[in-house]
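Summary of structural features
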Amino acid sequence: MNQFSVRVIYENRKPAKDIGVMIDYGLFGGSEKKRTHSDGWVEFQNYENKSGYIWVNGHKMGNHSLENGKTYSFTI
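This section reports on the structure supplied with the text. Numbers given to residues run from 1 along each chain, matching the order in which its sequence is written. It should be noted that, the model being predicted, local features are given only for residues of pLDDT at least 70 and side-chain atom pairs only at 80 or more, the latter also being counted only at that level, while totals for whole chains, interfaces and linings use all residues. To obtain the side-chain values, all non-hydrogen atoms of the structure were used and water was disregarded.

**Re the pairing of strand S2 (residues 20–24)**
Two faces make up the sheet, and in a regular strand the side chains alternate between them. Accessibility here uses a 1.4 Å probe with only protein chains present; expressed as a share of the type maximum, an area under 20% marks a residue as buried, one over 50% as exposed, and anything in between as partly exposed. The helix count covers DSSP runs of H or I at least four residues long, the strand count covers runs of E at least two residues long, and both are numbered beginning at the N terminus. Burial of S2 is one-sided: the residues Val-21 and Ile-23 facing one way are buried, the residues Gly-20, Met-22 and Asp-24 facing the other way are not. Should DSSP find at least two bridges between two strands, the strands are taken to pair. When S2 meets strand S3 (residues 31–35), the two strands line up antiparallel, connected through five bridges. Residue pairing in the sheet places Val-21 in a bridge with Lys-34 of S3. In sequence, S2 turns back onto S3 through a hairpin of six residues, with Gly-26 there showing a positive phi of about 105°. Direction of pairing for S2 relative to strand S5 (residues 52–56): antiparallel, over a ladder of four bridges. Following the sheet pairing, Met-22 is matched in S5 by Trp-55.

Below, the structure written as structure tokens:
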């Protein structure tokens, strides 16, 4: 099972808690939505090791490989 993490922080470098993060695996891959924890982190499982688009707070942050152990950080 592959796991990757996304961290969201504010411009003042403080963790962004309760922010929506969505992973879009494409038309036939589906999507998964979660909200950040109080430390700004959220973890996802990537069962098929696919790439996908990361959306943070309704904004598309680009296509990423989403490999096992990867971490992604975004500032809002």
